[in-house]
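Okay, here's what each chain looks like letter by letter:
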Amino acid sequence: MLATPIPQYVDAHHLCRMEDKTQYIFALLGLLASFYFIYWKADPLYNIPAIGPSAPILSYLGAYRYYYHGRQVLREGYRKYKVFRVPMLDRWVVVVSGADMNEELRKVPDTHVSLAQAVNEFTHLKYTVARDIADHPIHTAVIRGPFTRNLKSLFPDIVNEIKTAFPEVMPLPTHVGEWVAISVRNTMACIVSRVSNRVFVGLPLCRDPKFLDTLVEYALSFSKARDILSVMPGPVRGIVGNVLPWLKRATRHASVCIQPMVQERLQRLQDAGDDHGDKPHDYLTWLIEETQKAKLSPDFVVQGILASNFSAVHTASNSITHALFNLAAHTQYMQPLREGVEDIIKEHGWTYNAINEMWKLDSFMRESQRLCGVTGVSLMRKVLLDITLSDGTYLPQGTLVIAASSATHTDKTYYENAEAFVPFRFYDMCTENGTLGTQFVNTSKDYLAFGHGKHACPGRFFVAHELKAMMAYIILHYDVKLEEGASRPEDVWVWHDIAPASAKILFRKRQAKVE
Ligand code: HEM
């Protein structure tokens, strides 16, 4: 059958229109491609080598990889480049490699880079931690100043809380030799929360179940809120942040507990007048004094307590969980640790000085943190004024820059047998070579677990005593091992954050006594 012939004029006209359309489509695609390339090449970070695809949209593939395989991405960049960049969902982050670049980054003055603003960008403090703490970090001033200066006098409270919390939170069967599987991360979070709040808010609040529940909820809601906000485009973030209920609820609940104590301290400060001897001498009072210096309302103290908990609890509980996993996986080190701790406690009792003398334990904690930090990066900074690094890399205002601490810590240039857990390596360095500066609290360009330089963690003197005292208590009272056939639980990396697995290990009442 023959098809009905199409008139010639229709055909030509139709073809003409089709050609026009195709031309438009190609022109549009060409225009879009040009915009795409212009946009890509106009990125001020374009010349910095990227790990994964650097083109717009395709870079989300790289972000996906960084989210799930942060450790490998950072190691790859570290191996290949002095300075490189990694993609996150809403931005590129520039990373520096190696001790010398770490040193260079930490020396950039505060006029040009800011730690506080970098933390704010990564965590959206206003909606996740405390409403105004980014603008008025009163807790940082207190931790750096009177808190650390008075650690020795606060130490008996820390010990008292450890001795009370362990039997309550981690009771063990009285049967000789019976092992119990304990979820370490949650248990340590609970004990660290009590011990830290013993010094932040004191008795009885640090043991009040309602207050402790508020803190647990606050910690959990931080990650929820941060994850939601980090996938929001900038302009929408503020709107969403303002409607999230969790921080408002935590602040309200914490206020109910803390405000009466603030009022009581204010009254005592007023009664003491100029008589400094009668002034209360504790964390709440120091926070109140900071609010007065900054001409803020005393209500602000609640935000200071929340921010202190944010800085202190999750970091410390993850750190001791890593240490316990390392001890359970290397039980041969229990005996030498025990001998050291027991001798010192016998001689000095549970004192601040005794904890200072526990060199082997100190080395164990430092080594544990070298390999299993709380994060795989450090020296987080936001560029405030354009800078050019020594290798010529230009970092414009607004760039986020970090140091690849975990890769530095496992670089054989700085550490012999760098991948292995050698718990007494720092103890040996100190006793054999007389190398100073390798204690748990010391920072250096190749040891960045607490940062380095002017902004190095001001809470590290407290946390070193807190965690060493907790470990000493465990070493003297419990035996520890992995579950049958298990190996050390793998750490979980999300972006560059590292969390210990939520695994269980076995504890029993200590059997062998050191003579
Ligand atoms: C094992 C536990 C901890 C680790 C691994 C840790 C780590 C860090 C790191 C890496 C920094 C940034 C330093 C830099 O960029 O140079 C930092 C800052 C800070 N840390 Fe810690 N920290 C811990 C515990 C604590 C505790 C217990 C407190 C409070 C008592 C605290 C309070 C702070 C504060 C306020 C800052 C900000 C300092 C500033 O803005 O200058 N940290 N910490």
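Residues numbered from 1 in each chain as written. Predicted model: local features only at pLDDT ≥ 70, side-chain atom pairs only at ≥ 80, totals over all residues. Heavy atoms only, no water.

A closer look at the packing of aromatic side chains
The test is simple: Pairing of aromatic side chains requires ring centres within 6.5 Å, counting the rings of Phe and Tyr and the six-membered ring of Trp. Pairs whose planes differ by under 30 degrees are stacked, by over 60 edge-to-face, and all others tilted. Think of it this way: any DSSP run of H or I at least four residues long counts as a helix, any run of E at least two long counts as a strand, and we number them from the N terminus. Think of it in three bands: with a 1.4 Å probe and only protein chains considered, a residue is buried below 20% of the maximum accessible area for its type, exposed above 50%, and partly exposed in between.
Tallying each qualifying case throughout the model produces 23 aromatic pairs. Ring centres of Y67 and W495 lie 5.0 Å apart, and the angle between their planes is 85 degrees; this geometry places the pair in the edge-to-face category. Here Y67, found in helix α2 (residues 59-80), pairs with W495, found in the loop between β10 (492-494) and β11 (497-499); they are 428 residues apart in sequence, far enough to count as distant. Judged by its relative accessible area of 28%, Y67 falls in the partly exposed class.

Concerning the pairing of strand β5 (residues 378-383)
Each regular strand carries side chains that alternate between the two faces of the sheet. This is how the line gets drawn: Paired strands are those between which DSSP finds at least two bridges.
Buried residues dominate β5, accounting for six of its six residues. Where strand β3 (residues 113-114) and β5 come together, two bridges link them in antiparallel fashion. Bridge assignment links V113 to a residue of β5, and that residue is V383. By the bridge criterion, three bridges tie β5 to strand β8 (residues 400-403) in an arrangement that is antiparallel. Paired with S378 across the two strands is A403, which belongs to β8.

Regarding the layout of surface pockets
Filter applied, for reference: Think of a 1 Å grid over the protein atoms and nothing else: a 1.4 Å probe that fits but is trapped marks a cavity, an open set flanked by protein within 12 Å on at least five of seven lines marks a pocket, and residues with an atom within 4 Å of a point count as lining. Grid points are joined across faces, edges and corners, and a volume is the space filled by probe spheres set on the points. For this classification, the nonpolar set comprises Ala, Val, Leu, Ile, Met, Phe, Trp, Tyr, Cys and Pro, the charged set comprises Asp, Glu, Lys and Arg, and every other residue, Gly included, is treated as polar.
Taken as a whole, the second largest pocket spans an internal volume of roughly 460 Å³. Around the second largest pocket, the lining comprises 21 residues; the ones closest to its centre are Y39, S59, D90, R91 and W92. The set of elements that each furnish at least two residues to the lining of the second largest pocket consists of α1 (8-42), α2 and β1 (83-87). Considering only residue class, the lining of the second largest pocket consists of 14 nonpolar, three polar and four charged.

Here we look at the sheet that holds β3
Selection criterion: Whether two residues are in contact is decided by their heavy atoms: any pair within 4.5 Å suffices. The axes are straight lines fitted to the C-alpha atoms, using for helices just the contacting stretch, and the angles between their N-to-C directions are given from 0 to 180°.
Taken together, the five strands give an open sheet; going across it, the order is β1-β2-β8-β5-β3, and neighbouring strands pair in mixed fashion. Looking at the sheet topology across the chains shown, the edges are occupied by β1 and β3. Set on the sheet, α2 makes contact with β1, β2 (92-96) and β8; between it and β1 the angle comes to about 145 degrees. In this fold helix α4 (residues 115-123) packs onto β2, β3, β5 and β8, with an angle of close to 90 degrees to the strand it touches most, β5.

Description of the UniProt feature "transmembrane region" (unreviewed entry) in the protein
Put simply, the rule reads: UniProt positions are given in the numbering used here, feature names are shortened, and annotations may be inferred rather than shown by experiment.
Under the UniProt annotation, the feature "transmembrane region" (unreviewed entry) is placed at residues 24-42 and 48-67. The straight-line gap between the two end C-alpha atoms of residues 24-42 is 26 Å; of that span, 100% is helix and 0% is strand. For the annotated span residues 48-67, helix accounts for 45% and strand for 0% of the residues, and the straight-line distance between the end C-alpha atoms is 20 Å.

As for the coordination of the iron atom of the ligand
Threshold: Any N, O or S atom lying within 2.8 Å of the metal counts as a donor, with the limit raised to 3.2 Å for Na, K and Ca; because water is left out of the atom set, some sites can appear incomplete.
When only protein atoms are considered, the iron atom of the ligand has one donor, C457 (SG), at a distance of 2.3 Å. In this fold, C457 is placed in the loop between α18 (425-432) and α19 (460-477).

Looking at the site of the ligand
The line we're drawing: By convention in these notes, a residue is near a molecule or strand provided one of its non-hydrogen atoms lies within 4 Å of it. Pairs of N or O atoms within 3.5 Å make up the polar contacts considered here, provided that, within protein, one atom can donate a hydrogen while the other can accept it, and that residues adjacent in sequence are counted only when both atoms are side-chain atoms.
If you check the shell around the ligand, you find 25 residues, and the closest are R144, Q369, R381, H455 and C457. Between R381 and the ligand, the recorded distance is 3.0 Å, taken from a side-chain N or O atom to an oxygen atom. The separation between an oxygen atom of the ligand and a polar main-chain atom of H452 is 3.4 Å. Listed by contribution, the elements that provide at least two residues to the shell around the ligand are α6 (138-149), α13 (300-329), β5 and α19. The greatest single-element share of the shell around the ligand, amounting to five residues, is contributed by α13. Across the shell around the ligand, the residue classes tally to 13 nonpolar, ten polar and two charged.

Considering the environment of M358
Structurally, the position occupied by M358 is in the loop between α15 (352-356) and α16 (359-371). By relative accessible area, M358 is classed as buried at 2%. M358 sits 18 residues away from G340 along the chain, and the two C-alpha atoms are 6.6 Å apart.

With respect to the pattern of salt bridges
The line we're drawing: The working definition used for a salt bridge is a side-chain nitrogen of Lys or Arg within 4 Å of a carboxyl oxygen of Asp or Glu.
Under the counting rule described, the total for this entry stands at 32 salt bridges. Across the pair E342 and R510 runs a salt bridge whose closest N-O atoms are separated by 3.3 Å. Within this pair, whereas E342 is found in helix α14 (residues 334-348), its partner R510 is found in the segment after β12 (504-509), the two being separated by 168 residues in sequence. Here D362 makes a salt bridge to K468, at a shortest N to O gap of 2.9 Å. One end of the pair, D362, is in helix α16; the other, K468, is in helix α19, with 106 residues separating them in the sequence. Judged by relative accessible area, which is 6%, D362 ranks as buried. On the basis of relative accessibility, which here comes to 4%, the residue K468 falls in the buried class.

Comments concerning empty space enclosed by the protein
In total, this model carries two cavities of 30 Å³ or more according to the counting rule given. In this model, the largest cavity occupies a volume close to 40 Å³. Forming the boundary of the largest cavity are Y127, T128, Y218, S221, A225, L244, W246 and L247. Broken down by secondary-structure element, the contributors of at least two residues to the lining of the largest cavity are α5 (125-128), α9 (209-230) and α11 (246-272). Per-element accounting of the lining of the largest cavity gives the leading share, three residues, to α9. Looking at side-chain class alone, the lining of the largest cavity contains six nonpolar, two polar and no charged residues. By volume, the second largest cavity amounts to about 30 Å³. Elements with a contribution of two residues or more to the lining of the second largest cavity: α2 and α17 (405-409). Tallying contributions element by element places α2 first for the lining of the second largest cavity, with three residues. In terms of residue class, the lining of the second largest cavity is built from three nonpolar, one polar and two charged.

Brief notes about unusual backbone geometry
Of note, the bond from L203 into P204 is cis; its omega dihedral lies within 30 degrees of zero at 0 degrees. Following the sequence through the fold, P204 ends up in the loop between α8 (184-200) and α9. With a phi close to 50 degrees, W495 is a non-glycine residue in the positive phi region.

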